[in-house]
Amino acid sequence: MINTLIPVQPNCDDFDPTSLSVSQATDRITALVTTTLRTVKVTERLSCRSAFGRVLAEDIIARLSTPPYDNSAMDGYAIDASDIPGSDTTTLKIIGTSWAGKPFLGSVKPGECIRIMTGAKMPQGADTVIMQEHVTKADSSITISSGHCAKQNVRYIGEDISVGSVVLTAGKKIAAAELGIIASMGISEITVHRKLRIAIFSTGDELRGIGEVLEDGQIYDSNRYSLFGLLQREYIEIVDMGVIPDDRTTIENAFEQAASIADVVITSGGVSVGDADYVKETLEKIGSINFWKIAMKPGRPLAFGKINDAIFFGLPGNPVSVIATFTQFALPGVRALAGLTKTNNINYQVRCVTELKKRAGRMDFQRGYLSVDNNGQLSVAVTGLQASHILSSMSYSNCFIILPEDTTHVAIDTMVEVQPFNEWIE
Ligand code: AMP
Ligand code: MG
């Protein structure tokens with residue numbers, strides 16, 4: 001990892017009164033996405049395992065209690081609490097065994113006990129389990145001493161989930177624990193939101209695909225690949241529309257086509273004010289633009305709006321800007337459209353071990369590396385060059401260091417806000 005103090009390039013473009021702040025832009029996205037949610041209401045029934053990674057579209061009501069009956073938390077002996085001796089010892093007769101899946105059908109009377117295994121149903125008349133390590137066993141009896149607590153080592157009916165309660169709420173992503181809960185209820189099929197269809201393409205005359213020969217002045221298209229990686233989620237279907245040249249008509253046709261097949265269209269490049277940047281004007285022409293400038297670095301130009309019913313994100317062209325704007329703006333919108341319940345990023349404050357500089361006027365998302373030192377203390381360092389075309393610096397990092405608009409300097413050992421990259425995963 002490289003720890004360099006990044007020189008601030010002399011430029012005057014950091015303050016632009018027509019730019020929205022990051023939080024204003026987020027609010028605008030939330031507002032537009034909320035009015036669009038109605039169009040993405042289609043659901044499907046899936047078997048338990050095929051629903052992994054999908055978004056629940058119904059509340060799941062518990063059909064059973066978990067545990068479904070009082071059972072033992074230990075291998076040992078089930079007794080009635082009144083048999084626990086106050087001092088000295090007591091001997092209890094073993095009258096049977098309760099196995100997990102094969103309960104003891106009789107009842108336990110004072111002076112008696114049964115052998116019981118972990119998960120086995122508690123018999124009538126017993127409310128307490130003595131661990132097998134805490135008894136002295138003879139052929140058909142056990143001797144226990146004082147010091148045991150009434151009702152110890154018993155797992156009670158409904159302690160985890162009680163029958164009739166809402167155990168999973170609509171909007172929850174089905175991960176490992178949720179699959180287990182659904183299976184524990186004996187539920188074979190659940191209702192999930194249909195996959196969100198997202199069309200992606202890159203714009204730029206200079207872009208070539210893998211396998212093509214690069215002519216002078218050309219580069220390989222990397223943004224579609226970064227976006228492909230960022231969009232890998234079971235609740236998303238990606239429609240890859242390739243590379244579109246900087247040509248008004250071709251871009252317009254590509255937009256029309258993408259909006260007719262997808263819920264969300266995400267492009268990169270061509271969104272600025274260069275002579276070959278047609279994304280913004282095309283969005284204005286065939287759809288509606290909501291905003292396009294954000295006081296954020298990297299990633300100021302971002303054309304956000306709608307084409308018919310499709311939500312449109314025209315991300316900037318620079319590879320780091322694509323990842324930064326996707327994660328801060330497109331991802332929350334995509335999550336909401338997919339039906340996921342909103343969760344806030346868990347950003348936190350840590351000590352920064354490198355000096356940082358920036359110009360006032362934009363919120364910076366610098367690439368950082370979070371690590372734990374020999375004393376177990378978490379700290380963050382900036383990773384190398386911070387320009388928006390330095391994709392390697394993005395790869396070295398594991399978090400964004402978020403610096404407020406007004407900040408111009410962060411001295412070594414000051415606390416800074418970080419957003420770990422695992423926040424991008426639900
Ligand atoms: P633009 O916003 O189209 O002016 O692009 C800004 C910068 O990002 C230029 O240097 C482009 O060559 C570069 N760029 C645009 N799209 C891509 C892409 N898909 N992959 C890699 N670099 C790109
Ligand atoms: Mg371009």
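Procedures and definitions
Residues numbered from 1 in each chain as written. Chains lettered and ligands numbered in written order. Predicted model: local features only at pLDDT ≥ 70, side-chain atom pairs only at ≥ 80, totals over all residues. Heavy atoms only, no water. Near = heavy atom within 4 Å. Polar contact = N/O pair within 3.5 Å; in protein donor to acceptor, adjacent residues only side chain to side chain. Areas by Shrake-Rupley, 256 points an atom, 1.4 Å probe, with all protein chains shown as cover. Helix = DSSP H or I, 4+ residues; strand = E, 2+ residues; numbered from the N terminus. Contact = heavy atoms within 4.5 Å. Axes fitted to C-alpha atoms, helices over the stretch in contact; angles between N-to-C directions. Parallel < 35°, antiparallel > 145°, perpendicular 65-115°, else oblique. Left-handed = near helix turned anticlockwise from the far one by under 90°. Nonpolar A, V, L, I, M, F, W, Y, C, P; charged D, E, K, R; others polar. Phe/Tyr/Trp six-rings, centres within 6.5 Å; stacked < 30°, edge-to-face > 60°. Buried < 20%, exposed > 50% of the residue type's maximum accessible area, 1.4 Å probe, protein only. Salt bridge = Lys/Arg side-chain N within 4 Å of Asp/Glu carboxyl O.

Quick look at the site of ligand 1
Around ligand 1 sit 13 residues, and of these Glu 206, Asp 221, Ser 222, Asn 223 and Gly 270 come closest. Here a nitrogen atom of ligand 1 sits 3.3 Å away from a polar atom, N or O, in the side chain of Asn 223. In the model, an oxygen atom of ligand 1 is placed 2.8 Å from a nitrogen or oxygen of the Gly 270 main chain. Expressed as a share of its isolated accessible area of 480 Å², the protein-covered part of ligand 1 is 75%.

Description of the environment of Val 416
Turning to its location among the elements, Val 416 is positioned in strand 28 (residues 414-420). A C-alpha to C-alpha distance of 40 Å links Val 416 and Ala 259, two positions 157 residues apart in sequence. Those residues in contact with Val 416 that lie beyond four places of it in its chain are Tyr 348, Gln 349, Val 350, Cys 352, Val 380, Ile 401, Leu 403 and Val 410.

Examining the packing of helix 1 (residues 22-36) against helix 6 (residues 319-337)
Across the interface, helix 1 lies against helix 6 with an axial gap of 10 Å and an inter-helix angle of 25°. By the angle class used here, helix 1 and helix 6 are roughly parallel. Where helix 1 crosses over helix 6, the two elements pack in a sense that is right-handed. On the side of helix 1, the interface is formed by Val 22, Ala 25, Thr 26, Ile 29, Val 33 and Thr 36, while helix 6 contributes Phe 329, Gly 333, Ala 336 and Leu 337. When grouped by side-chain class, the residues that make up the contact of helix 1 with helix 6 number 7 nonpolar, 3 polar and no charged.

Description of the packing of aromatic side chains
Using the criterion set out here, one finds 8 aromatic pairs in the structure. Both rings, one in Phe 255 and one in Phe 312, keep their centres 4.8 Å apart while their planes meet at 50°; by these two values the pair is tilted. Placement of Phe 255 in helix 4 (residues 248-261) and of Phe 312 in strand 21 (residues 310-315) is noted, with a sequence separation of 57 residues between them. You can call Phe 255 buried: its relative accessible area is 0%. Geometrically, the ring pair formed by Phe 400 and Phe 421 is edge-to-face, given 5.2 Å between the ring centres and 75° between the ring planes.

Regarding the environment of Asn 374
With respect to the secondary-structure elements, Asn 374 resides in the loop between strand 24 (363-372) and strand 25 (378-382). Assessed through its relative accessible area of 85%, Asn 374 is described here as exposed. Residues Asn 374 and Arg 28 lie 346 residues apart in sequence; the distance between their C-alpha atoms is 44 Å.

With respect to the pattern of salt bridges
All told, the structure shown has 16 salt bridges when counted by the stated rule. A salt bridge links Arg 351 to Asp 373; the shortest N-O distance between them is 3.8 Å. Of this pair, Arg 351 sits in strand 22 (residues 348-352) while Asp 373 sits in the loop between strand 24 and strand 25, placing them 22 residues apart in sequence. For Arg 351, a relative accessible area of 27% gives the class partly exposed. Given the relative accessible area of 28%, Asp 373 is considered partly exposed. Each of Lys 173, Arg 233, Arg 335 and Glu 426 takes part in salt bridges that share partners, so that together they form one network.

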